[in-house]
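Per-entry structural report
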Amino acid sequence: MSQRIKIKALLESTTTDIDVTVKGWVRTFRNNQFIALNDGSTNNNIQVVVDFENANPALLKRLTTGAAISVFGRLVASLGKGQTVEVKAHTIEILGDSDPEKYPLQPKKHSLEFLREIAHLRFRTNTFGAIFRVRNSLAYAVHQFFQEKGFVYLHTPIITSSDAEGAGETFHVTNFDLLNIPKTDTGEADYKQDFFGRATNLTVSGQLEGELGAMALSDIYTFGPTFRAENSNTTRHLAEFWMIEPEMAFCDLVDNMDTAEALLKYVIAYALDKNKDDIEFLTQRLLEEEKQKPQQERSEMSLTEKLQFCLDNDFERLTYTEAIEILKESTPNKKKKFQYPVEGWGTDLQSEHERYLVEKYFKKPVILTDYPKEIKAFYMRQNDDGKTVRAMDILFPGIGEIVGGSQREERLDKLEQRMDEMNIPKEELWWYLDTRRFGACEHAGFGLGFERLVLFVTGMGNIRDVIPFPRFPKNAEF
Ligand code: 4AD
Ligand code: MG
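As the structure is a prediction and not an experimental result, all values here were calculated from the model. (Residues numbered from 1 in each chain as written. Chains lettered and ligands numbered in written order. Predicted model: local features only at pLDDT ≥ 70, side-chain atom pairs only at ≥ 80, totals over all residues. Heavy atoms only, no water.)

Our next topic: the overall build of the protein chain. Within the protein chain one finds 14 helices and 16 strands. For the protein chain, the spread of C-alpha atoms along the principal axes amounts to about 85 × 60 × 45 Å. Long-range pairs, those at least 24 residues apart, make up 68% of the contacts in the protein chain between residues at least 6 apart in sequence. Roughly 23700 Å² of accessible area belongs to the protein chain as shown, and the carbon and sulfur atoms make up 50% of that amount. Looking at the protein chain, you have 59 positive and 73 negative side-chain charges, and the mean spots of the two groups are 6 Å apart. (Helix = DSSP H or I, 4+ residues; strand = E, 2+ residues; numbered from the N terminus. Contact = heavy atoms within 4.5 Å. Areas by Shrake-Rupley, 256 points an atom, 1.4 Å probe, with all protein chains shown as cover. Lys, Arg positive; Asp, Glu negative; His and termini not counted. Charge placed at Lys NZ, Arg CZ, Asp CG, Glu CD.)

Pairing is antiparallel in the open sheet, where three strands are placed in the order S7-S9-S8. Looking at which strands have only one partner, the edges of the open sheet turn out to be strand S7 (159-160) and strand S8 (172-173). Sheet analysis places S8 next to strand S9 (residues 200-202), joined by two bridges and oriented antiparallel. Bridge pairing in S9 links Val173 to Thr200. (Pairing = 2+ DSSP bridges.)

A few words now on unusual backbone geometry. The backbone of Lys474 sits at a positive phi, close to 65°, despite the residue not being glycine. Here Phe478, not a glycine, exhibits a phi torsion of approximately 75°, which is positive. The residue Phe478 is located in the segment after helix H14 (450-458) in this model. Relative accessible area serves as the criterion here: at 40%, Phe478 is assigned to the partly exposed category. (Buried < 20%, exposed > 50% of the residue type's maximum accessible area, 1.4 Å probe, protein only.)

A separate point is the pattern of salt bridges. In this structure the tally under the stated criterion is 32 salt bridges. The partner of Lys328 in a salt bridge is Glu325, with the nearest N and O atoms 3.4 Å apart. With Lys328 and Glu325 both in helix H9 (residues 320-328) and three residues apart, this pair spans about one turn of that helix. The partly exposed category is assigned to Lys328, whose relative accessible area is 26%. Ionic pairing is found between Asp393 and Lys376, a salt bridge with its closest N-O pair at 3.1 Å. Taken together, the residues span a long stretch of sequence, with Asp393 in strand S14 (residues 388-396) and Lys376 in the loop between strand S13 (366-372) and S14 at a distance of 17 residues. With a relative accessible area of 4%, Asp393 lands in the buried category. When salt bridges with common partners are traced through the structure, they connect Glu211, Glu247, Arg408 and Arg436 into a single cluster. (Salt bridge = Lys/Arg side-chain N within 4 Å of Asp/Glu carboxyl O.)

Our focus in this paragraph is the packing of aromatic side chains. Considering all chains together, one arrives at 24 aromatic pairs under this definition. Relative to Phe469, the ring of Phe123 lies with its centre 5.7 Å away and its plane at 80°, an arrangement referred to as edge-to-face. Of this pair, Phe123 sits in the loop between helix H3 (112-117) and helix H4 (126-148) while Phe469 sits in the segment after H14; the two residues are 346 residues apart in sequence, bridging distant segments of the chain. Accessibility expressed as a relative area gives 34% for Phe123, which makes it partly exposed. Taking the centre distance of 6.3 Å and the plane angle of 25° together, the rings of Phe128 and Phe132 count as stacked. Note that Phe128 and Phe132 are positioned in helix H4 at a spacing of four residues, about one turn of the helix. (Phe/Tyr/Trp six-rings, centres within 6.5 Å; stacked < 30°, edge-to-face > 60°.)

Structure below.
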């Protein structure tokens, strides 16, 4: 028997009239004759034609949706619509039955909410097959982008004792028996007796360790899971998400923005090229979904057009201060349409404000810089005005913030002063401060939320649908 060929390769085959072995899961079996078979290598199914008159009826009965089968047969040119080749089966072997009475995935449209509950099976749908192939391409492209530029992929720790963002949203890591926690004389948990001999947590960001790497290797990037115990039940937040964090020595905020914009364009272009069928499928899916919405709420561009538009246009760059002026004067603000009115300088931007700037005002991706220091982390480089820091956030249509980054404060005195003001314990970050003592230099970096990127490229509406097994408040199933 010939070796198994994946369906993607079969469908692209220019040779016909050869014997092939194909394996996959039955999507549908109609007229006792046509099997639509899928193996996840592509969104498209191969049609397997069964010679039902000569087939064993018991076997035909077992060709149910979800069953795993192996087919040996002849690859022939197809006369049917929608495919160029099909397989005329000689023999069919059932590898794994699937009871049609019990199989949760029926050959019909299921809601995304329902599919989230059966996330272990949702990979077998067209939508999720496409999403996870696109996700894979984006991850590969991220590595390719940085590797081509000579960045070093650095593995920063998952378990740490620091809170890089200083937001207090960490998950504790402990080996204590929670019903019997050793206490100090003053009644606090005695972490000296814990596994690491100190309080530890899951990382919220690899940045601080990434900076240490950049202070020797010049350009590094991380790409790993990060964890935040923020109680945000939104379509944009996960408790466990993947982040890409480059850190570059001898680099200022402008270089940083240029790198981030180039990265986004590179990976989007890569997916558009590598995953044409998947993105075309997702584009159609979104069009269908948008038909449910009133006309004025539908997007002006299709998914493919939106992605292409992103590649063809420079991102708009402006300061936070300029953005506040625009928002203050905006129609929704004057008509009190914002849930959080924009009153003046200093307030944090809500996603409704970010989306107004991107979707209504500039109608393209936007990079905001120089935010008030009060709403940003301690490590950002302070501007001479004493009020703002060299921060940059990239805002995307339909997403809001997709990238957050900054030039870093490399001046020891300024950094220590800011840490004091913000009650960041300097003793615990002695190693971070050491890089400012020995050979400090201008440097910058950013964090790209990987799931927000996948959300944008797939046109999905909920971040829980672009990671295989989402973690969010009250959910850690699978
Ligand atoms: O803006 P954030 O918090 O920045 C940092 O963590 C910096 N240390 C990055 C750096 O400069 N190296 O997070 C960066 C990005 C956000 O822009 C967003 O895309 C994503 O991470 N992100 C989340 N994605 C999903 N769920 C969450 N709860 C997220 N929080 C942040
Ligand atoms: Mg941020």
